[in-house]
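The lines below spell out each chain.
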Amino acid sequence: MILKLIRQKITFFEYVSIYKIYNLILNIFSFVVSILLNKTLKMGLPISMSIEPTNTCNLKCPECPVGMDLMKRGKGQIDIELYKKIINQTSNYLISLNLYFQGEPFLNKNIFEMIKYASSKKIYTIISTNAQLINQTCANDIINSKLNEIIISIDGATPEIYEKYRKGANFQKVLNAIKFIQEAKNKAMSVFPIIKIQFIVFKYNQHEIQLIKQIATDLKVDKTIIKTAQIYNYQSKPQLIPDNKKYSRYLIKNNKVMKKNKMYNFCWRFWSSNVVTIDGFLVPCCFDKDEKYILGNLKTQTIKEVIKGKKYKTFATKIIQERKNIDICNNCN
């Protein structure tokens, strides 16, 4: 286990160059100065990015805008040539790439080509999936694509609880998917992808947290992520909020539901990373699910042009001076 961790850490440094470290320092410096001076200073380019392979999904999860069919933008897949154009622009300074936003990434027919292309450009790749499409063949393709990290959603330790949220999913398929990936890793003698399972906590599944940790141990996954749930219209859904405050973004006081954490006038995520939708639009972060705040169009602009543009600077200034008035920030933890 220790040797595996060492190999993973050593391999990670293959994705880091002197220029990428310099770019990271620029991001940190400009972020700190912006907070101290209460004035926008943006230096450097994204160190991380999320590119949306598709915004379609095979499940109907009740707190997901895709599952609830509430998204206001059209559905589809990102054009592979546009994707490669973005990767070519960003490879010199991008350290990591999330190949997910809305939807199920493995529904994109080009997903393995996308992973391979980013990997060939020395970018650390991460995917988040419901794992329903992962069979033995898919597991082998995952290993061959050189994917670095896979996050598997499993919001229950028993079929009844898991399938209460993951509508249309099968609990055993998730367990099998993890086993398939482990077998493929062992056969290829690879330490990648790092396997993480993610458990989103609601009131009805909070009693299974310890059990899911045990399942993770039995399956020899690398890490278990216990994640608080983002609940739409949370004021009207107290029945979903966990009793254990440690696992909740919200508090219930005098029969009113409110956000637990205070909102500050800064956002490291925005300073260091951005999200690109299937349409090539660059948006502030993963909370802008409907492209409400389009900062640029990567079909016609470069990343540098977007970051130096008026829309980007205006949004950054609003974060520093009046973040509470940005609606997509109001449900952020």
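This write-up is about the structure you can find in this document. (Residues numbered from 1 in each chain as written. Predicted model: local features only at pLDDT ≥ 70, side-chain atom pairs only at ≥ 80, totals over all residues. Heavy atoms only, no water.)

1. Focus: the pattern of salt bridges
Under the defined criterion, the tally for this structure stands at nine salt bridges. Between Glu113 and Lys84 there is a salt bridge, and its shortest N-O distance comes to 2.8 Å. On the criterion of sequence distance, the pair formed by Glu113 in helix H4 (residues 111-120) and Lys84 in helix H3 (residues 80-90) is long-range, its members being 29 residues apart. Between Glu149 and Lys196 there is a salt bridge, and its shortest N-O distance comes to 2.9 Å. Here Glu149 is found in strand S4 (residues 149-153), whereas its partner Lys196 is found in strand S5 (residues 194-201), with 47 residues between them in sequence. Of the two residues, Glu149 and Lys196, neither departs from the other in class, the shared state being buried. (Salt bridge = Lys/Arg side-chain N within 4 Å of Asp/Glu carboxyl O. Helix = DSSP H or I, 4+ residues; strand = E, 2+ residues; numbered from the N terminus. Buried < 20%, exposed > 50% of the residue type's maximum accessible area, 1.4 Å probe, protein only.)

2. Brief notes about the sheet that holds strand S9 (residues 273-276)
In spatial order, the strands read S6-S5-S4-S3-S2-S1-S9-S10-S11; together these nine strands make up an open sheet with mixed pairing. The sheet is open, and its two edges are formed by strand S6 (223-228) and strand S11 (296-297), each paired on a single side. With respect to the sheet, helix H7 (residues 171-188) is in contact with S4 and S5, its orientation differing from that of S4 by roughly 165 degrees. (Pairing = 2+ DSSP bridges. Contact = heavy atoms within 4.5 Å. Axes fitted to C-alpha atoms, helices over the stretch in contact; angles between N-to-C directions.)

3. Quick look at the nonpolar core
One finds Tyr83, Ile134 and Ile150 to be the most contacted residues of the largest nonpolar core, which totals 88 residues. In terms of residue count, H7 provides more of this core than any other element does, seven residues in total. Excluding its chain neighbours within four sequence positions, the residues that come into contact with Tyr83 are Ile51, Ile78, Leu97, Leu99, Met114, Ile115, Tyr117 and Ala118. Tyr15, Ile126, Val191 and Phe192 belong to the second-largest nonpolar core, a separate cluster that totals seven residues. (Core = buried A, V, L, I, M, F, W, Y, C linked by side-chain atoms within 4.5 Å.)

4. Things to note about unusual backbone geometry
Here Phe192 and Pro193 are connected by a cis peptide whose omega angle stands at 0 degrees. Within the secondary structure layout, Pro193 lies in the loop between H7 and S5. Backbone geometry at Lys146 places phi at a positive 70 degrees, although glycine is not the residue there. Positionally, Lys146 belongs in the loop between helix H5 (136-144) and S4. At Glu291, a residue that is not glycine, the phi angle is positive and equals roughly 55 degrees.

5. Some remarks on the packing of H3 against H4
Axis separation between H3 and H4 bottoms out at 10 Å; the angle between their running directions is 15 degrees. Comparing their axes, H4 and H3 come out roughly parallel. In terms of crossing hand, the pair formed by H3 and H4 is right-handed. In this structure, H3 contributes Ile80, Tyr83, Lys84, Ile87 and Asn88 to the contact, and H4 contributes Glu113, Met114, Ile115, Tyr117 and Ala118. Looking at the contact of H3 with H4 residue by residue, the class counts come to seven nonpolar, one polar and two charged. (Parallel < 35°, antiparallel > 145°, perpendicular 65-115°, else oblique. Left-handed = near helix turned anticlockwise from the far one by under 90°. Nonpolar A, V, L, I, M, F, W, Y, C, P; charged D, E, K, R; others polar.)

6. Examining a nonpolar patch on the surface
A contiguous nonpolar surface patch, about 490 Å² in accessible area, is contributed by Ile28, Val32, Leu36, Leu37 and Trp268. The greatest single-element share of the nonpolar patch, amounting to four residues, is contributed by helix H2 (residues 18-37). Structurally, the position occupied by Ile28 is in helix H2. (Patch = residues over 30% accessible without salt bridge, like charges linked within 9 Å, V, L, I, M, F, W, Y side chains within 5 Å. Areas by Shrake-Rupley, 256 points an atom, 1.4 Å probe, with all protein chains shown as cover.)

7. Side note on the side chain of Arg249
Mapped onto the elements of the fold, Arg249 is located in the loop between S6 and strand S7 (250-253). Lacking a salt bridge, the buried Arg249 has Glu63 as its closest oppositely charged neighbour, with an N-O distance of 10 Å. A distance of 2.9 Å separates a polar atom in the side chain of Arg249 from a polar atom in the side chain of Thr228. Within the structure, Arg249 has its side chain in polar contact with the backbone oxygen of Ala229 (distance 3.5 Å). (Lys, Arg positive; Asp, Glu negative; His and termini not counted. Polar contact = N/O pair within 3.5 Å; in protein donor to acceptor, adjacent residues only side chain to side chain.)

8. So, the pairing of S5
With respect to burial, S5 is a largely interior element, eight of its eight residues being buried. Every second residue of S5 is oriented toward a common face, with Ile194, Lys196, Gln198 and Ile200 on one face and Ile195, Ile197, Phe199 and Val201 on the other, all of them buried. Of the pairings in the sheet, the one linking S4 to S5 comprises five bridges and is parallel in character. Among the inter-strand pairings, Ile150 is bridged to a residue of S5, identified as Ile195. Alignment of S5 against S6, held across six bridges, turns out to be parallel. Each residue of the ladder has a partner; that of Gln198, found in S6, is Ile225. Regarding the hand of the β-α-β motif, the stretch spanning S5, helix H8 (residues 209-219) and S6 is right-handed. (Right-handed = clockwise from strand over helix to strand, strands pointing away.)

As far as function goes, none of this settles anything; it's purely spatial.
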